[in-house]
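# Topology and contacts: notes
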Amino acid sequence: MISKALVAVMATVMQLGLAATSTAAEANFPEKPITLLVPFPVGSGSDSTARVVAQEVSKASGQSVVVENKPGANGFIATRAAARARPDGYTVLLTSNTHYANKFLFKNVPYDPLDDFEPLAVIREPSPLVLVVGASSPYKTLDDLTKSARTKKDGLTYGSGNSSSRVGAELYKQQIDANILYVPYKGNAEALNDAAAGRVDMVFSDVGAMRSLYEAGKIRPLAITGSQKMPFLKGVKSSAELGLPGLDIGSWGVFLAPKGTPTAVLDKLHRWISDSANAEPVKQLIASTDGVPAHMSREQVGQFVQSEMKKWGAIIQTAGIEPQ
């Protein structure tokens, strides 16, 4: 009969063996391809970022990085898959501020935006939103639009196909103390097309989504949120310059790993992803939308997302938006 002392010794030896195996796996990471999950479709801004960053991380790590798009269900499909993935560094998520806004927009989010993930990296500063109207709209300036929103009997409408766009519009409503009707869309591309056609009065859009319609002369930008200027939007002033400094909100992306991923692995992923911002293809992508590169430690990334989550939550709750 095996004594209790022998059982204890065997258990200790097994634990030491597992610890040694785990340490070796961390030191040798990565030993197989890494999957980068994206909760948005091919061709989206997040997808474009994922693909150029994946190439740079592959070069640095010596392993391929496979971008896997799992769009739909407000980002839940890809994000839930990432939260449930084995925390070994071989599954990474590139998501956006939508990830944190969803906590306040939906009753049953199938993961915790903070507690189920480890912050990895942010490679660009938040990108301002652009308030646009159709090219044939009667509103030529932000002041024109604001006056009409406050006084028009039937009110105005805003189209939105994502949380950034919706929260931007809701913040505008709060800043000017006016009621503007929300018109939901599956994506901002559809909302922008309807703004161009005059079916909705305005859209708060990320730069990438509105650029082609702007260059085609189909929409008119009235303001850039915050205080940043965008060289390609010549003559378009920031909301701060136009008397609405509180209209300061932007969209952004963040790389996350499943909770429990070893620190040594997180540090490697952080370094490779952060360093990719210095690579020419990534620099060119960021510059194409007048973006500003960011360099944050993992601790700073964690502080940033918590701060932004509080900010977005406060706007949503002040707007009285009931979780769906």
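About the cut-offs
- Residues numbered from 1 in each chain as written.
- Predicted model: local features only at pLDDT ≥ 70, side-chain atom pairs only at ≥ 80, totals over all residues.
- Heavy atoms only, no water.
- Core = buried A, V, L, I, M, F, W, Y, C linked by side-chain atoms within 4.5 Å.
- Buried < 20%, exposed > 50% of the residue type's maximum accessible area, 1.4 Å probe, protein only.
- Helix = DSSP H or I, 4+ residues; strand = E, 2+ residues; numbered from the N terminus.
- Contact = heavy atoms within 4.5 Å.
- Polar contact = N/O pair within 3.5 Å; in protein donor to acceptor, adjacent residues only side chain to side chain.
- Salt bridge = Lys/Arg side-chain N within 4 Å of Asp/Glu carboxyl O.
- Pairing = 2+ DSSP bridges.
- Axes fitted to C-alpha atoms, helices over the stretch in contact; angles between N-to-C directions.
- Phe/Tyr/Trp six-rings, centres within 6.5 Å; stacked < 30°, edge-to-face > 60°.
- Lys NZ or Arg CZ within 6 Å of the ring centre and 35° of its normal.
- 1 Å grid on protein atoms, 1.4 Å probe; cavity = no way out; pocket = protein on both sides within 12 Å on 5 of 7 lines; lining within 4 Å.
- Points joined across faces, edges and corners; volume = space filled by probe spheres on them.
- Nonpolar A, V, L, I, M, F, W, Y, C, P; charged D, E, K, R; others polar.

### Things to note about the nonpolar core
In terms of nonpolar packing, the biggest core is built from 49 residues, with L145, Y172, I180, M202 and V254 touching the most fellow members. Tallying contributions element by element places helix α11 (residues 298-318) first for this core, with seven residues. Ignoring any residue separated from it by four or fewer positions in sequence, one finds M202 in contact with L131, V132, V133, L145, L156, T157, Y158, G159, Y172 and I180.

### A look at the side chain of D47
Inspection of the secondary structure assignment puts D47 in helix α2 (residues 45-61). For D47, a relative accessible area of 3% translates into the label buried. Here G43 takes part through its backbone nitrogen, which lies 2.9 Å from a polar atom of the side chain of D47. Excluding its chain neighbours within four sequence positions, the residues that come into contact with D47 are V38, P41, V42, V67 and N69.

### Description of the pattern of salt bridges
Here the structure, examined in full by the defined rule, presents 10 salt bridges. Residue E170 is joined to K173 by a salt bridge in which the shortest nitrogen-to-oxygen separation is 3.3 Å. In this pair, E170 and K173 are both assigned in helix α6 (residues 163-176), three residues apart and thus about one turn of the helix distant. The same class applies to E170 as to K173, namely buried. Across the pair E241 and K229 runs a salt bridge whose closest N-O atoms are separated by 3.5 Å. Linking E241 in the loop between β10 (219-224) and β11 (250-251) with K229 in the loop between β10 and β11, this pair joins segments that are 12 residues apart in sequence.

### Examining the sheet that holds strand β3 (residues 91-96)
Reading across from one edge, β2-β1-β3-β12-β4 is the order of the five strands in this open sheet, with mixed pairing throughout. Looking at the sheet topology across the chains shown, the edges are occupied by β2 (65-69) and β4 (117-121). Strand-to-strand twist across the sheet, computed as the mean angle between neighbouring axes with direction ignored, equals 30°. One ladder, built from three bridges, connects strand β1 (residues 34-38) with β3; its direction is parallel. Directly across from T35, in β3, lies its bridge partner T91. Sheet contacts for helix α9 (residues 263-276): β1, β3, β4 and β12 (253-258); angle to β4, the most-contacted strand, approximately 35°.

### Quick notes on the packing of aromatic side chains
According to the stated counting rule, one finds 10 aromatic pairs in the structure shown. Between Y111 and F117 the ring centres are 6.2 Å apart and the planes differ by 85°, which places this aromatic pair in the edge-to-face class. The same class applies to Y111 as to F117, namely buried. Clustering of aromatic rings is evident, with ring pairs tying together F76, F106, Y111 and F117. Its guanidinium or amino end placed over the ring of Y90, K32 lies 4.7 Å from that ring's centre, counting from NZ or CZ. In this structure, R166 packs its charged tip against the face of Y182, placed 4.0 Å from the ring centre.

### Brief notes about empty space enclosed by the protein
Under the defined criterion, the tally for this structure stands at two cavities of 30 Å³ or more. Its volume calculated, the largest cavity comes out at about 70 Å³. What lines the largest cavity is simply I34, L36, V53, A54, V57, V65, V92, F255, L269 and I273. Only β1, α2 and α9 provide two or more residues apiece to the lining of the largest cavity. Each residue belonging to the lining of the largest cavity can be placed in one class, and the counts come to 10 nonpolar, no polar and no charged. Of the voids in this model, the second largest cavity is the one considered here, and its volume is about 30 Å³. Forming the boundary of the second largest cavity are R124, E125, P126, S127, P128, Q228, D290, G291 and V292. Across the lining of the second largest cavity, the residue classes tally to three nonpolar, three polar and three charged.

### Here's the deal with the sheet that holds strand β9 (residues 202-205)
Strand order across the open sheet formed by five strands is β8-β7-β9-β6-β10, with mixed pairing between neighbours. Lying at the two open borders of the sheet, with one neighbouring strand each, are β8 (180-184) and β10. Shown here is a sheet whose adjacent strand axes are inclined to one another by a mean of 30°, direction ignored. With two bridges joining them, strand β7 (residues 156-160) and β9 adopt parallel strand pairing. Looking at the pairing, G159 lines up with V203 of β9. Of the strands in this sheet, β6 (130-134), β9 and β10 are in contact with helix α8 (residues 207-215), which crosses β10 at around 140°.

Geometric values such as these leave the question of function open.
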